[in-house]
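Residues per chain are reported as follows:
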Amino acid sequence: MNGPDEPILIEQRKHVAIVTLNRPRQRNALSSEMLKGVVEALDWAEGESSVRAVVLTGGTKLFASGADLRELRDTTPADYLRAERQKAWPRIAAFKKPLVAAVAGYVLGGGCEVALSCDFVVAADSAVFGQPEIRLGLIPGAGGTQRWARVAGRFEAAELVLLGKTVDAWTAKRMGLVNRVVPAECVVEAGVAMAEEAARHSPVAGLLAKSALRASEEIGVSAGLDFERSQLMVALSSADRTEGIDAFLEKRPPQFQGR
């Protein structure tokens, strides 16, 4: 999976996996093969206990320019619903470990929807975000209408979705999509640093906290508070809880085992 012509490259640094989109000649257009590779990489990372966080990136020059239009050109609605790519979007959103998007250059269409599905977004100062589907007689189909509206509000989202406008990294940060903006040459390392920070904490608590955060997008406050308490009950039964409190009282770094 790490050959130079493979659509996805994987590298592991201690507790962090780096998954790199690798179709630079096609501006990392999200082909079915590439999305299948992303799913396979996430499946591996989720099942690998030594991996505690993942960085999804396209490198320091570009992230993803959108869907592969050559695939979409003659796709029928029935073909689209049956396509392998439809499995990718819920899989990315459902990934259980902390997921950092480290993006540069084009972050458009499906590429933007991938970033919106992650837990953190570190953006290069060169990054350009947008949902240009309207220009092609299409609309976003992997969360662009829903997640932009939740992040930025319906009126700001309308400029991207209905007008096809793009925004730079600093504007995206103001709108709530981006956590940090860094120089382009530093974006992957900045994403890794954020993933390493997440990986230092209890894997059990991280999983539970992420599930509670994601639930906040789907359910009301009262139900969300109940769910949060149920996740806390699970955390209270973990060995990581005991280790975390003992380490704090003993003034030493915790050694979380993910149990």
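Residues numbered from 1 in each chain as written. Predicted model: local features only at pLDDT ≥ 70, side-chain atom pairs only at ≥ 80, totals over all residues. Heavy atoms only, no water.

- You'll find the protein entered in an unreviewed UniProt entry as Enoyl-CoA hydratase-related protein, with Nonomuraea harbinensis given as the organism.
- Under the UniProt heading Sequence similarities (unreviewed entry), the entry covering the protein gives this text: "Belongs to the enoyl-CoA hydratase/isomerase family." (UniProt positions renumbered as here; feature names shortened; annotations may be inferred.)

Things to note about the sheet that holds strand 7 (residues 128–130)
- Strand order across the open sheet formed by 3 strands is 5-7-8, with mixed pairing between neighbours. The open sheet has two edge strands, strand 5 (106–108) and strand 8 (166–168), and neither has a second partner. The average angle at which neighbouring strand axes cross in this sheet is 20°, direction not considered. (Pairing = 2+ DSSP bridges. Helix = DSSP H or I, 4+ residues; strand = E, 2+ residues; numbered from the N terminus. Axes fitted to C-alpha atoms, helices over the stretch in contact; angles between N-to-C directions.)

Structural notes on the sheet that holds strand 1 (residues 8–13)
- If you trace the 6 strands from one edge of the open sheet to the other, you get 1-2-3-4-6-9, paired in mixed fashion. The open sheet has two free edges, formed respectively by strand 1 and strand 9 (180–182), since each of these has just one partner strand. Neighbour to neighbour, the strand axes of the sheet diverge by 20° on average, direction disregarded.
- Sheet topology note: the strand 4 (residues 99–103)/strand 6 (residues 120–124) ladder contains 4 bridges and is parallel. Among the inter-strand pairings, Val103 is bridged to a residue of strand 6, identified as Ala123.
- Its contacts with the sheet put helix 1 (residues 32–47) on strand 1, strand 2 (16–21), strand 3 (53–57) and strand 4, and the angle it makes with strand 1 is roughly 20°. (Contact = heavy atoms within 4.5 Å.)

Overview of the packing of aromatic side chains
- In total, this model carries 0 aromatic pairs according to the counting rule given.
- Of note, Arg154 hangs over the ring of Phe155, and the distance from its end group to the ring centre comes to 4.5 Å. (Phe/Tyr/Trp six-rings, centres within 6.5 Å; stacked < 30°, edge-to-face > 60°. Lys NZ or Arg CZ within 6 Å of the ring centre and 35° of its normal.)

Some remarks on the packing of helix 10 (residues 203–215) against helix 11 (residues 221–236)
- Direction vectors running N to C along helix 10 and helix 11 enclose 175°, while the axes themselves pass 9 Å from each other. Between helix 10 and helix 11, the angle is such that the two are roughly antiparallel. Counting all contacts with helix 10, which are made through Leu208, Ser211, Ala212 and Ala215, the residues of helix 11 involved are Phe227, Gln231, Val234 and Ala235.
- Grouping the constituent residues of the contact of helix 10 with helix 11 by class yields 6 nonpolar, 2 polar and no charged. (Parallel < 35°, antiparallel > 145°, perpendicular 65-115°, else oblique. Nonpolar A, V, L, I, M, F, W, Y, C, P; charged D, E, K, R; others polar.)

Digging into the layout of surface pockets
- There is about 930 Å³ of room inside the largest pocket.
- For the largest pocket, the lining is made up of 41 residues, of which Lys97, Pro98, Asp119, Phe120 and Lys210 are closest to its centre.
- No other element matches the 8 residues that helix 10 contributes to the lining of the largest pocket.
- Within the lining of the largest pocket, the residues separate by chemical class into 18 nonpolar, 10 polar and 13 charged. (1 Å grid on protein atoms, 1.4 Å probe; cavity = no way out; pocket = protein on both sides within 12 Å on 5 of 7 lines; lining within 4 Å. Points joined across faces, edges and corners; volume = space filled by probe spheres on them.)

Notes on the pattern of salt bridges
- Counting across every chain of the model gives 12 salt bridges.
- Here Arg91 and Glu46 are joined by a salt bridge, their closest N and O atoms 3.1 Å apart. Here the residue Arg91 occupies a position in helix 4 (residues 85–94), and Glu46 occupies one in helix 1, the gap between them amounting to 45 residues.
- Salt bridges sharing partners connect three or more residues here, namely Glu11, Arg13 and Glu189. (Salt bridge = Lys/Arg side-chain N within 4 Å of Asp/Glu carboxyl O.)

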